[in-house]
Amino acid sequence: MSMEKYGHFSEDRHEFVIDRPDTPAPWINFTSNGRYTRLISNVGGGYAYWQTPRLHRITRHRYNSMPVDRPGHYLYVRDSKTGDYWSPSWQPCAKDLEKYECRHGLNYTRITGKRGGVEASVLTFVPAEDDLEIWRITVTNTTRARKSLDLFAYTELCMGNALNDLVNQPNDQHFNDVFLDKKTQVLYATKRYWNTFGSATVEQSNVTYDRFIFMASSLPVKGFDGSKSQFIGRWRSEENPAAVEGGKCGNTVITAGDAVGALQFALELGPGEKKDFVVVLGIVPKETAKRDAPALARKYRSLKTTDAAFKALVDDWRDYVSCVRVETPDDDLNTMINVWNQWQTACTFRFSRDAGYYHGGLLFGRGFRDSCQDTFGPLMTRPEWVRQRLLEMSTHQFKNGSVVHCYFPVSGGYARTGHSDTPLWLPLASAMYVKETGDYSFLKEVTPYEKEPGDKKDPGKATMLQHIYGCLDYTLKNLTERNLPKFGPGDWNDTLDYMGRKGRGESVWNALCLCYVLRETVELAGVIGDKAAARRYQAAYDKVAAAVNKLCWDGEWYIVGTNDLREVVGSKKNKECRVYQNTQTWAVLSGVASPERAKKAMAAVKKHLDTPKGPKLLDPAFRTINTNIGLATRCVPGKKENAAVFNHPVSWSVLAEALLGHGDQAYEYYRKALPMNPVVDIDRYEMEPYVYSEYVTSPDHPTFGQASHAWLTGSSTWMLRDVTDYILGVRPTYEGLIIDPCIPTAWKGYTIRRKFRGQVFEVTVSNPRGVNKGVKSLTVNGRAQVGNLIPVKPGKARAGVAPKVVRVEVVLG
Ligand code: GLC
C-alpha cells in the first residue's frame, strides 16, 4: 500500500495533505525564522526552542516516548452544553473526528478537525520578523444550533536548559514562575535559574533565565493556568485534562511546580457562524519583557497583521523554491526537486542533526561534517546564507589546521574528536560556494582561529583561503607511513569507531575524500593563480591516489581499510563486510579509480549490495562483535550502519553512476531511494513520504523496508544536487555553467530552470535519439555555441529588478 493510505501531495505540490491522523509515526514539519523554531507533527505534537534547542528550550519534548507523540502545543474545544471536548489535531484527546486534515506546507502547518458540527482549523507558523509562533485559528459552527464553546490553548513549558530539565526536573521545578498580567492579558513564564553548563552536572549555576516566555490571544482570557498538575489533574494526562473536562481553568499562578501555559477563551457561535482569532507563544528578553511581550501580543492580535505575515512567509518560500524548477517525465522527481527536497535541505541547513524528532536537540549542536554538506542545497537559492555559515565554521578551526567535530552556536562549546575527514569538508563546501557565486572576495575574508583549550594567547586570524589550505595541510601531515589517512575514531561512518583509535588503522574512504578535496583545491588554486599550491596539492593527490590503488584494491572492489592491528576490512578474505559501498563510489567521485576499476567497483555495488530500495551500505552484514572495528558490529544486521540502505551513500551511488555515464543505473538508484517509494508498504516504511529518511532497513532484517530518522540527513542535499547537477546536468563551475546531462534513455526531454549568479537559465533538453548523455548541439538565446560550457560573469540578483532570463536549448545525441 502506498502513501495514499494516509495522504497525498496537493495539486501544486506545495503541501503534503494528511487525511487521517493515525499515521504510522508522527509525520512532522518545521516552521522557523532561523531563531524561533517549532517542530510540529500532524497530530499537534512537537516542541519549540529559540536559537539553541539545548539552552533555550521553550516547550518540552518527551524523549523515548514513541509511539506516543506527547506533549505538543494543543488546542482543546469544549462544548459547554454537552461537556464533550476534543482537539482538532485528534491527539491528545484521540476522539473520533468527523473530519481531519493536516496540511504541511513550506514553513507552516495547518491542521483542521471537526466534531459535533464544529470545525476548528489551526494554522501554525513563525513570522519572519518576530520570535514567536502564531496559531491562526478559525472555528466554524456548521450546525443550525447555537454553540457555546470553551477553547483552551495549552503548552507544557521547559524554559531554558532542556538537558537539565530532563535529568533534574524534581529540582528544576522549584524555580518556575508563571503568572497572568490581567491588564495586558499576557501570560508570562520564566525560571529564576538557568543552568548554562554544556552537559548534565550537579554543579549549580548562579544566574537567572534571561528570557520570558509569553502567551496571549486576540480573544479575552477567561481563565488560565500556570500549573501543570492543576491543569492536567491527578492521574490524568493531556488526553483528559481536569481543567478541560471541568470546563474551567484554575487560574493558577505558580512559583514552583511543572509549568504550563494554558489560556481559556469563551466562544459563542450562531448557526453557520465562523470566528477567527490568534494565539501567540513567544520569547522576549527578561529586562524588556513587560514592554516587548504586550507590544508583540498587540501586533499579532490584528488578523490583518497576522495574515500579512503569513502571506510574506508563503511568498518568501515560493520564491526560495522557484529558483530551481524542473519538468521531467518523472512526476515524483519533479515534486521532490521543485518543492520537498529543497525544503528539506533548507531544514537540514538550519537544524543540522540537532533539533528533530530523532535528534533531540541535546547532544550534537552543529556537526562540522554534516553542516558543510548541508550548505549544498541553500547554495543554489540563498548563497548569502552559505557565505555566512562558512565564515562561521572557519572560526572553529584551530591554528594547526584541525577543526572541531561539532560546536554549539550561541551557547558556545564544542567536541574535538580527531576524525580525519572533518576538516576536509570546509574546502569542499567553500569551493562549491565560489563556483556558484564567482565571489572570490570570500577567499580574502579574515576570520579568527578557535582557541586551543587553556590557551591564553590569541591564536590569530587567517583568510578563508588560508583556512582552506590549513585543513588540507593538517590532513596531509597526519598520514600513515603508507600515505593513507588514519582511521582515527571513524570516517564518514561513525560506527567504524574502533578501527583506528591507536593511530595505525587507515581509512580508504578518508583517502578518497581527501583526493576529491585535493582535486577541487588544485582547481581552485589554479583559477586564482596560486600555482605553487596547485602543484603541492596535485603532488599530494598523486601520492595518496597511488597508495589507494596499490594497497587498497581487492581485485573487484576497494576495501574499507585497515584497523590498528592492520587487519583488512572489506575484502574477499573477510567473512563479514566483504563489500562496502562508500569506497566504491568515492573511488569514482574522486577520480582515483581508473575507468576499468571504476566500472568494476560500481558493478560490485550492483551485484553485492543492491536491494529493491537501493544499495545497502555493506555485505554481508556484521554478525560477530569485533572490538577492533566498533559499533557497526554491535548493531543488528540490516539496520543503521550495519548493512541498512543508508540514503546518504545511495546518493553517492547515484552520482558515481552518473559520472560513469550510466544514466539508466543512476536513475534507477534514485527512484528506488525516493521517500514516496516505500518498497514494502507505507505502514512498514513508517516515516514521512515527502522527505528523505537517514536509512531504510535492508532485507538483512525481518523489518525490511522500515525507514528511520526522517528529515535531518545528508542524503537530502546530495540527492538534490545529484539531480540538478549530474542527472539533469546543469552544473556550476568557476567559469560559468556546464551543461552535461546524464539521463535515462527513455526520457525524450525535460526542462530545468536554475537561478545562477543573478540570472535565470531556462534550459530545455531534448533527447531525440534516446541516449544517456552527450551534448550534440547547444544554443544560448538562439545562438549556437561550441562546447557545453556557458560562460557566466559573477553577479547577484538585484532587489526589485527582474533577473535576466537566458534561454538554453540542448539536443543530446
Ligand atoms: C549520521 C551522521 C553523519 C555520519 C553518518 C554515518 O548521519 O550525522 O555525520 O556520517 O551518520 O555514520
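Residue numbering note: each chain is counted from 1, following its sequence as written. Residue-level local features of this predicted model are given only where pLDDT is at least 70; pairs of side-chain atoms are given and counted only at 80 or more, and the full residue set underlies all totals for whole chains, interfaces and linings. Side-chain numbers come from the whole structure's heavy atoms, not from hydrogens or water.

A.B. asks: Sorry, what's going on with the layout of surface pockets here?
C.D. replies: With a probe scaled to a water molecule rolled over the atoms, the places where space remains empty come into view. One number sums up the size of the largest pocket: a volume of about 730 Å³. Top element by residues in the lining of the largest pocket is helix H8 (residues 368–374). It accounts for 3 residues. A per-class count over the lining of the largest pocket returns 11 nonpolar, 10 polar and 7 charged. Here a cavity is any set of points on a 1 Å grid over the protein atoms alone where a 1.4 Å probe fits but cannot get out, and a pocket is any open set with protein on both sides within 12 Å along at least 5 of 7 lines; a residue lines the site when it has an atom within 4 Å of a point. Grid points are joined across faces, edges and corners, and a volume is the space filled by probe spheres set on the points. Note on conventions: DSSP H or I runs of at least 4 residues are helices, E runs of at least 2 residues are strands, and numbering of each starts at the N terminus. Residues were grouped as follows: Ala, Val, Leu, Ile, Met, Phe, Trp, Tyr, Cys and Pro as nonpolar; Asp, Glu, Lys and Arg as charged; and all remaining residues, including Gly, as polar.

A.B. asks: Got a minute to help me understand the nonpolar core in this structure?
C.D. replies: One recurring pattern in soluble globular proteins: nonpolar side chains tend to sit buried together. Only buried residues count toward a nonpolar core. Its members are Ala, Val, Leu, Ile, Met, Phe, Trp, Tyr and Cys residues joined through side-chain atoms within 4.5 Å. Exposure classes here rest on a 1.4 Å probe applied to the protein chains alone. A residue is buried below 20% of its type maximum, exposed above 50%, and partly exposed in between. Grouped together as the largest cluster of nonpolar side chains are 200 residues, with contacts concentrated most on Val548, Trp586, Tyr670 and Trp711. By definition, residues are in contact when any of their heavy atoms lie within 4.5 Å. When near neighbours in sequence (up to four residues on either side) are disregarded, Trp586 contacts Trp425, Trp509, Leu512, Cys513, Tyr516, Trp652 and Trp718. Within the second largest apolar cluster, 41 residues are counted, among which are Ala120, Val178, Ala189 and Leu267.

A.B. asks: What should I look at first to understand the sheet that holds strand E28 (residues 568–569) in this one?
C.D. replies: Paired through their backbone hydrogen bonds, the strands of a sheet run either parallel or antiparallel. When DSSP finds two or more bridges between a pair of strands, those strands are recorded as paired. With antiparallel pairing, the 3 strands of this open sheet are ordered in space as E26-E27-E28. Every other strand in the sheet has two partners, leaving strand E26 (506–507) and E28 as the edge strands with one partner each. As paired strands, E26 and strand E27 (residues 561–562) are joined by 2 bridges and run antiparallel to one another. The residue bridging Ser507 from the neighbouring strand is Gly561, located in E27.

A.B. asks: When you look at the pattern of salt bridges in this model, what are you seeing that I'm missing?
C.D. replies: It is possible for side chains of opposite charge to pair when their charged atoms get near one another. When a carboxyl oxygen of Asp or Glu lies within 4 Å of a side-chain nitrogen of Lys or Arg, that pair is called a salt bridge. The full count for this structure, using the stated rule, is 63 salt bridges. Here Lys572 makes a salt bridge to Glu556, at a shortest N to O gap of 3.6 Å. Of the two residues, Lys572 sits in the loop between E28 and strand E29 (579–580) while Glu556 sits in the loop between helix H14 (531–551) and E27, which places them 16 residues apart along the sequence. On the basis of relative accessible area, Lys572 is assigned to the partly exposed category, the value being 33%.

A.B. asks: Would you mind going over helix H6 (residues 303–322) with me for this structure?
C.D. replies: Each α-helix turn comprises 3.6 residues. Residues three or four places apart therefore point the same way. By definition here, a helix of n residues has an expected span of 1.5 Å times n minus one. With 20 residues, H6 should reach 28 Å at 1.5 Å per residue; the first-to-last C-alpha distance of 28 Å fits that figure. All of the buried residues along H6 are Thr306, Ala309, Phe310, Leu313, Trp317, Tyr320 and Val321. Seen end-on, H6 carries its buried residues on one side only, within an arc spanning 100°. The exposed set on the far side of H6, more than 90 degrees from its buried face, consists of Lys304 and Lys311. The arc in question is the one traced by the directions running from the helix axis out to the C-beta atoms.

A.B. asks: What exactly am I supposed to notice about the site of the ligand here?
C.D. replies: Every residue lining the ligand is accounted for by Arg353, Arg369, Asp370, Trp492, Asn493, Asp494, Glu641 and Glu694. Trp492 places a polar main-chain atom, nitrogen or oxygen, 2.6 Å from an oxygen atom of the ligand. Measuring from an oxygen atom of the ligand, one finds a side-chain N or O atom of Glu694 at 3.2 Å. In this description, accessible areas are obtained by the Shrake-Rupley approach with a 1.4 Å probe, and a residue is regarded as covered only by the protein chains that are shown. Protein coverage of the free-state accessible area of the ligand, which is 300 Å², stands at 91%. Assignment of a molecule to a cavity or pocket requires that more than half of its atoms lie within 2 Å of the corresponding grid points. Here the ligand occupies the largest pocket. Here the residues of the shell around the ligand are counted per class, giving 1 nonpolar, 1 polar and 6 charged. Residues are labelled near a given molecule or strand when at least one of their non-hydrogen atoms is within 4 Å of it. Whenever two N or O atoms come within 3.5 Å, that pair is a polar contact, provided that in protein one can donate a hydrogen and the other can accept it, and provided that, for residues adjacent in sequence, both atoms are side-chain atoms.

A.B. asks: Quick question: what am I supposed to make of the pairing of strand E17 (residues 223–227) here?
C.D. replies: Where a strand is regular, its side chains alternate between the two sheet faces. The element E17 is extensively covered by neighbouring structure, given that 5 of its 5 residues are classed as buried. Sheet topology note: the E17/strand E18 (residues 259–269) ladder contains 4 bridges and is antiparallel. Bridging from a neighbouring strand, Asp225 pairs with Ala262 of E18.

A.B. asks: What is the right way to read empty space enclosed by the protein from this model?
C.D. replies: What the rule picks out here adds up to 2 cavities of 30 Å³ or more. In this model, the largest cavity occupies a volume close to 110 Å³. Lining the largest cavity, in full, are Arg38, Ile40, Gly44, His73, Tyr74, Leu75, Pro88, Ser89, Ile111, Val122, Thr124 and Trp135. Among the secondary structure elements, those contributing two or more residues to the lining of the largest cavity are strand E4 (36–41), strand E7 (73–79) and strand E11 (118–125). The element that contributes the greatest number of residues to the lining of the largest cavity is E7, accounting for 3 residues. In terms of residue class, the lining of the largest cavity is made up of 7 nonpolar, 4 polar and 1 charged. As a volume, the second largest cavity reaches approximately 40 Å³. Every residue along the wall of the second largest cavity is listed here: Cys158, Met159, Gly160, Asn161, Asp165, Asp172, Lys191, Tyr193, Trp194 and Asn195. When residues of the lining of the second largest cavity are assigned to their parent elements, the largest contribution, 3 residues, is made by strand E13 (residues 147–160). For the lining of the second largest cavity, a count of residues per class yields 4 nonpolar, 3 polar and 3 charged.

A.B. asks: Explanation requested: helix H9 (residues 383–394) in the structure shown.
C.D. replies: For H9, which comprises 12 residues, the first-to-last C-alpha distance of 17 Å matches the rise-based estimate of 16 Å (1.5 Å per residue) to within 8%. Looking only at H9, the buried set comprises Pro383, Val386, Arg387, Arg389, Leu390, Leu391, Met393 and Ser394.

A.B. asks: In this structure, what is going on with the side chain of Glu641? I would like to understand it.
C.D. replies: Note on placement: Glu641 falls in the loop between strand E30 (618–619) and strand E31 (645–646). Within the buried set, Glu641 has no salt-bridge partner at all; the shortest N-O distance to an opposite charge, 4.5 Å, is to Lys640. We count Lys and Arg on the positive side and Asp and Glu on the negative side, and we leave His and both chain ends out.

Function cannot be read off these values alone, since they describe shape.
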